[in-house]
Protein chains: 2
Amino acid sequence: MSFEVIETKEQVLADNDAAAAENRAALRRSGAFLVNLMASPGAGKTTTLLRTIEALRGKYRIAVMEADADGDVDARAVAAAGIPVLQVHTGGSCHMDADMTRRGLERLGTDYDLIFLENVGNLVCPAEFDVGADLRVMILSTPEGHDKPLKYPLMFQVSDVLLVNKTDVASVFGFELETLRRNAALRHPGMPILPISARSGEGFGAWTDYLTAEIEKRRANG
Amino acid sequence: MSFEVIETKEQVLADNDAAAAENRAALRRSGAFLVNLMASPGAGKTTTLLRTIEALRGKYRIAVMEADADGDVDARAVAAAGIPVLQVHTGGSCHMDADMTRRGLERLGTDYDLIFLENVGNLVCPAEFDVGADLRVMILSTPEGHDKPLKYPLMFQVSDVLLVNKTDVASVFGFELETLRRNAALRHPGMPILPISARSGEGFGAWTDYLTAEIEKRRANG
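Notes on the structure in this doc start here.

Analysis parameters
- Residues numbered from 1 in each chain as written.
- Chains lettered and ligands numbered in written order.
- Predicted model: local features only at pLDDT ≥ 70, side-chain atom pairs only at ≥ 80, totals over all residues.
- Heavy atoms only, no water.
- Phe/Tyr/Trp six-rings, centres within 6.5 Å; stacked < 30°, edge-to-face > 60°.
- Helix = DSSP H or I, 4+ residues; strand = E, 2+ residues; numbered from the N terminus.
- Buried < 20%, exposed > 50% of the residue type's maximum accessible area, 1.4 Å probe, protein only.
- Lys NZ or Arg CZ within 6 Å of the ring centre and 35° of its normal.
- Contact = heavy atoms within 4.5 Å.
- Buried area = accessible area lost by both parts, 1.4 Å probe.
- Salt bridge = Lys/Arg side-chain N within 4 Å of Asp/Glu carboxyl O.
- Axes fitted to C-alpha atoms, helices over the stretch in contact; angles between N-to-C directions.
- Parallel < 35°, antiparallel > 145°, perpendicular 65-115°, else oblique.
- Left-handed = near helix turned anticlockwise from the far one by under 90°.
- Disulfide = S-S within 2.5 Å.
- Least-squares fit on C-alpha atoms with pLDDT ≥ 70 in both.

1. Examining the packing of aromatic side chains
Thinking step 1. All told, the structure shown has 3 aromatic pairs over all chains when counted by the stated rule.
Thinking step 2. Pairing Phe-173 of chain A with Phe-173 of chain B gives two aromatic rings, centres 5.9 Å apart and planes at 40°, and the pair type is tilted. Here Phe-173 of chain A is found in the loop between strand E7 (161-165) and helix H8 (177-187), whereas its partner Phe-173 of chain B is found in the loop between strand E7 (161-165) and helix H8 (177-187) on a different chain.
Thinking step 3. With a centroid separation of 6.4 Å and 25° between ring planes, the pair formed by Trp-207 of chain B and Tyr-210 of chain B is classed as stacked. Taken together, the positions of Trp-207 of chain B and Tyr-210 of chain B, both in helix H9 (residues 204-220) and 3 residues apart, correspond to about one turn of that helix.
Thinking step 4. Overall, the relative accessible area of 2% leaves Trp-207 of chain B in the buried class.
Thinking step 5. Over the ring of Phe-204 of chain A we find Arg-51 of chain A; its NZ or CZ atom is 5.8 Å from the centre of that ring.

Written out as C-alpha cells, the structure is:
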C-alpha cells in the first residue's frame, strides 16, 4: 500500500479581506447581524434556515440572501415563508466574495436585526472568502460522512460553529459523532458542535439559544 | 411571495481548453481511457470507484488519481485495494484543471487501460474545467435531493452520464427519481441516468456495461 502526493496551488483574490472589513463596519453601523451559512449541496441549509427563522422571527427582523450558481428554488421557499429574500446568482462562481455580498446587502437593505447569507453549496471556495459576516456557520450532514474535516480542513478552521444535520439517519450511514468530533478537533479545537435534525427539529433549542447569545453579545459590545 | 435576482460574474481561466486538448491527444497516443469522476462531498465517489474497479480489474489495467484540497483518506482506501494511486493536493483549489491533470498523468504514467480521476468534491468548479477526459461521470446521491439540476446546471450539462447513488435510502429523503429525471432533462436532454447503490452493488451491472462499451468504442475508433 503506497501512493504519491503532489502539491498544486491556485492564486486567490487579493483585496477581498479589505472589502470584508468594510462590510463588517457597515453592518456594525446599521446594527444588522450577518450569518454566513456554508455547507455541501444537499446538506440541509435551507431547511435549517427555515426552521431557525420560524424560531426567531418573533424576536428579530430577519432577511435572507440566497446565493446560487443558478435557479431560485431556495429563494422561493424562503419567500413563501413571508421573509424578505434576495436571490444572488454567482454566474458559475463557487462562492460569495465580499464585493458580491456588499452589492447584495445594498439591494436587500440592512434595516434588519439578522441577515442570513446562504452561500453556494460547496466545502472549498466559500471557506476562502471572508464576506464580513459576524458568524460563520457550517452544516455537515451525516450522509456526507465523519471524515470530512480531513478532506476539507479550511472550512472547519474558519467556521465559528458546526451544525451536524440529519442526525436522525446517522446510523443508516455509519456516521459516528465521536469520530467527527475527533476529526474536527484536529482542525479547530474547541469549536462548538451542535447535532440537529432540520426535519424533526431535534437540537434546535440549543442551536437557536447559541445564535441568540451571539447576537446579544454583539449588541452588548455595540 | 416576491424576491429579487441579481447577477454577479467571476472571470474563468483562459487557456485551460488548449491544455485539455493536449491531454486528450497524449491519452489517445498512450491508449489510456481517462474518466473524470465528479460529485458533491460525501456523494460516494470513492465507494463507487472501488466497486467499479473490483468489477473491471480483471479486464483492464487500472490506476487512480485522487484530487483533494488536503488529506489522503481516499488514496489510502484505493491503495489498500492494491490499485496504483496518486494523491494530488489542489492546495485549496476547488477543482482539477487540465494542467494539474497533465502533471498528475506524468507522475502516474499512462501505461494503463483505464485511469480514474476522482475530482474534488464539488458541484461547481470541476464542471468549468475540461481536463481532457474521455468520459465525464457525475454522481448525485439521493440525500442531496432531486432539485440539484436546477441549482448546479453546468455540472449536469457537461456530464456524459449521471449515476444516482444511495438509491437504497431514497425514500428516507423523499428523493423522487422521476422528478430528478425531469429536472436533469432541462439541463441535458438524453443524458443516460443510471441508479446505483455503491453500498449494496445494485445497478452496477448496467453501469460497468456502459463504461466498458464506452472504452471499447474509443478503442475501435482508435
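Next comes the rest of the description.
2. Comments concerning the interface of chain A and chain B
Thinking step 1. Counting from both sides, the interface comprises 60 residues of chain A and, opposite them, 60 residues of chain B.
Thinking step 2. In total, chain A and chain B occlude about 5,200 Å² of area from one another, counting both sides; carbon and sulfur atoms represent 56% of this.
Thinking step 3. Where chain A touches chain B, the interface holds 2 salt bridges.
Thinking step 4. Of the charged contacts in the structure, one is a salt bridge between Asp-74 of chain B and Lys-151 of chain A, with a shortest N-O distance of 2.9 Å.

3. Overview of the packing of helix H2 (residues 45-56) of chain B against H9 of chain B
All names here are of chain B.
Thinking step 1. For the pair H2 and H9, interaxial distance at closest approach is 11 Å and the crossing angle is 70°. As judged from the angle between their axes, H2 and H9 are roughly perpendicular. Seen from above, H2 lies across H9 with right-handed handedness. Taken together, the residues of H9 that come into contact with H2 (itself represented by Thr-48, Arg-51, Thr-52, Ala-55 and Leu-56) are Phe-204, Trp-207, Thr-208, Leu-211 and Thr-212.

4. Observations concerning the environment of Gly-205 of chain A
Thinking step 1. Considering the arrangement of structural elements, one finds Gly-205 of chain A in helix H9 (residues 204-221).
Thinking step 2. Remark: the alpha-carbon pair of Gly-205 of chain A and Ala-55 of chain A, spanning 150 residues in sequence, is separated by 8.8 Å.

5. Re the side chain of Arg-218 of chain A
Thinking step 1. By the secondary structure assignment, Arg-218 of chain A is in helix H9.
Thinking step 2. Excluding its chain neighbours within four sequence positions, the residues that come into contact with Arg-218 of chain A are Leu-27, Arg-28, Gly-31, Ala-32, Phe-33 and Asp-134 of chain A.

6. Considerations on the environment of Cys-125 of chain B
Thinking step 1. Within the secondary structure, Cys-125 of chain B sits in helix H5 (residues 125-128).
Thinking step 2. Contact partners of Cys-125 of chain B, with chain neighbours within four places excluded, come to Cys-94, Asn-122 and Cys-125 of chain A together with Cys-94 and His-95 of chain B.

7. What to know about the state of the cysteines
Residue and element names in this part refer to chain A.
Thinking step 1. The tally for this structure, following the rule as stated, stands at 2 disulfides over all chains.
Thinking step 2. Two residues share a disulfide in this structure: Cys-94 and Cys-125, whose sulfurs sit 2.3 Å from each other. Where Cys-94 bonds to Cys-125 through sulfur, the torsion about that S-S bond is close to -110°, and the disulfide is left-handed. Here Cys-94, found in the loop between strand E4 (85-89) and helix H4 (98-108), pairs with Cys-125, found in helix H5 (residues 125-128); they are 31 residues apart in sequence, far enough to count as distant.

8. Describing the relation of the copies chain A and chain B
Thinking step 1. Superposition of chain A onto chain B requires a rotation of 180° combined with a translation of 0.0 Å along the rotation axis, giving an RMSD of 0.0 Å. The symmetry that links the two subunits is that of a two-fold axis. For chain A, the minimum C-alpha distance to the rotation axis belongs to Asn-122 of chain A and amounts to 3.0 Å.
Thinking step 2. When the interface residues of chain A are mapped onto chain B, 100% of them again lie at the interface, so the same face is used by both copies.

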